[in-house]
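Observations on the model geometry
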Amino acid sequence: MTGLGAVFRPQLAPERLRAVARVADEVGLEELWLWEDCFREGGISAAAAALAWTERVRVGVGLLPVPLRNVAVTAMEAATLHRMFPGRAVLGVGHGVQDWMGQVGARAESPLTLLREHLVALRALLRGERVTSKGRYVRLDDVALDWPPERAVEVFAGATGPRSLRLAGEAADGTVLTANTPPDGVRRARRLIDEGRAAAGRTDPHKVVVYLLAATGPGAGERLRDELVAEGVGDVPDLGVAGDAEAVADAVRRLAGAGADTVILQPTGDEPDPEGFVRFAAEQVRPLVVA
């Protein structure tokens, strides 16, 4: 069964999160995802608040940019969330937007090497292992968490290019794909992820989460077009969807058919009713996806 969720975009002020998270919990939305976009809202702090305000919805962070974070801090924060809210936190890490990383003096010479080292160390620490690492970027000396998660947890990686997708298959438990990924792009990503998994000899499950830019209600088509053009992908076919619940559900099914395990509906940056968007996803789109 395809999972379905929605994004709380950081274009909204942080104080809006409480109402959106509570609506997501009340209407039975499966997952609410957050972004750690520079220079808007912190991913871990927002996730902790959303989890504390709710009882059942899973809260994802996609993504935490690894150049900003010592891996031990990432592991400590992730383990804390997983212990306080078992089974409800979903965390992904990635390269970060390189221009933003440059702005804060954290741009890595080799983003791929950094992400690989971070993923390997982070997953080991969250398994409760004692880690010593002398990598190019990740250097740990006999580090172990006092409070690792009590059960196995998944670490997702955000990826777009071929080398990053192969790395996600090799070193992560799942992959997050942006809303600029059409169904054919999901199929291509799955092939590259599987190449990485095969190279690493991995046979465990690997989940793929895909964002889907979606707009509904008055002016939906215009809002969708404006955002795609602003992102520089206005001429890419099969990106985004505007319309009623059936139109959105059909787009979700196409991504699922291409290999997505979970589709996260991403409202436009100017969505006029974030709470209503969450209700729309859970109450109108979800029944059509599972029908």
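Every chain's residues receive numbers from 1 upward, in the order its sequence appears when written. Where totals are concerned, whole chains, interfaces and linings use all residues; where local detail is concerned, this predicted model gives features only for residues with pLDDT of at least 70, and gives and counts side-chain atom pairs only at 80 or more. Side-chain measures were taken over the full set of non-hydrogen atoms in the model, leaving aside hydrogen atoms and water.

Turning our eyes to something else, we now look at empty space enclosed by the protein. The pocket and cavity definitions rest on a 1 Å grid over protein atoms only: a 1.4 Å probe that fits but cannot leave marks a cavity, an open set with protein on both sides within 12 Å along at least five of seven lines marks a pocket, and residues lining either have an atom within 4 Å of a point. Grid points are joined across faces, edges and corners, and a volume is the space filled by probe spheres set on the points. In the structure shown here, the tally under the stated rule is four cavities of 30 Å³ or more. Along the wall of the largest cavity there are 13 residues; nearest its centre are Arg9, Leu12, Pro267, Glu271 and Pro274. Counting only elements with at least two residues in the lining of the largest cavity, the list comes to β1 (3-8) and α10 (274-290). Counting residues per element, the lining of the largest cavity draws most heavily on α10, at three residues. In this classification, Asp, Glu, Lys and Arg are treated as charged, Ala, Val, Leu, Ile, Met, Phe, Trp, Tyr, Cys and Pro as nonpolar, and every other residue, Gly included, as polar. Class assignment of the residues belonging to the lining of the largest cavity gives a composition of eight nonpolar, three polar and two charged. The space that makes up the second largest cavity amounts to roughly 60 Å³. By residue number, the principal contributor to the lining of the second largest cavity is helix α9 (residues 245-258), which donates three residues. Of the residues contributing to the lining of the second largest cavity, the split by class is eight nonpolar, two polar and two charged. Only DSSP runs of H or I reaching four residues or more are called helices, and only runs of E reaching two or more are called strands; each is numbered from the N terminus.

Take the environment of Arg136 next. Looking at the secondary structure, you find Arg136 in the loop between β5 (131-134) and β6 (139-143). Only protein chains enter the calculation, and the probe is 1.4 Å; a residue is then buried if its accessible area is under 20% of its type maximum, exposed if over 50%, and partly exposed in between. Given a relative accessible area of 42%, Arg136 falls into the partly exposed group. Counting along the chain gives 19 residues from Arg136 to Glu117, while the straight-line C-alpha distance between them is 8.1 Å. Those residues in contact with Arg136 that lie beyond four places of it in its chain are Glu109, Ser110, Thr113 and Glu117. Should any heavy atoms of two residues lie within 4.5 Å, those residues are counted as being in contact.

Centre distance and the angle of the planes are the two values used to describe a pair of aromatic rings. Two rings belonging to Phe, Tyr or Trp (six-membered ring only in the last case) form a pair when the distance between their centres is within 6.5 Å. Interplanar angles under 30 degrees mark stacking, angles over 60 mark edge-to-face geometry, and anything in between is tilted. Inspection of every chain in the model, using the stated rule, returns three aromatic pairs. Relative to Tyr211, the ring of Trp33 has its centre 6.2 Å away and its plane inclined at 90°; by these criteria the two rings are edge-to-face. Linking Trp33 in strand β2 (residues 31-34) with Tyr211 in strand β9 (residues 207-215), this pair joins segments that are 178 residues apart in sequence. For Tyr211, a relative accessible area of 6% puts it in the buried group. A network of ring pairs unites the aromatic residues Trp33, Trp35 and Tyr211 as a single cluster.

Our focus in this paragraph is the layout of surface pockets. Put simply, the largest pocket is a space of about 850 Å³. Taken together, 33 residues form the lining of the largest pocket, with Asp37, Gly62, Leu63, Val97 and Thr178 sitting closest to its centre. The element contributing the most residues to the lining of the largest pocket is strand β3 (residues 58-65), with four residues. Considering only residue class, the lining of the largest pocket consists of 14 nonpolar, 13 polar and six charged. Each pocket or cavity is described by its volume, and for the second largest pocket that value is around 200 Å³. If you go around the second largest pocket, you meet 13 residues; those closest to its centre are Gly3, Glu31, Arg58, Lys207 and Thr262. Listing elements by their share of the lining of the second largest pocket, those giving two or more residues are β2 and β9. Here the lining of the second largest pocket is composed, by residue class, of four nonpolar, two polar and seven charged.

Turning our eyes to something else, we now look at the side chain of Arg202. Relative to the elements of secondary structure, Arg202 occurs in the loop between α7 (183-200) and β9. Polar contacts involving the side chain of Arg202 include one to the side chain of Asp173, which spans 3.3 Å. Not counting residues within four places of it along the chain, the set of residues in contact with Arg202 comprises Arg123, Gly169, Glu170, Ala171, Ala172, Asp173 and Arg197. Here a polar contact means two N or O atoms within 3.5 Å. Within protein one must be a hydrogen donor candidate and the other an acceptor candidate, and residues neighboring in sequence count only if both atoms are side-chain atoms.

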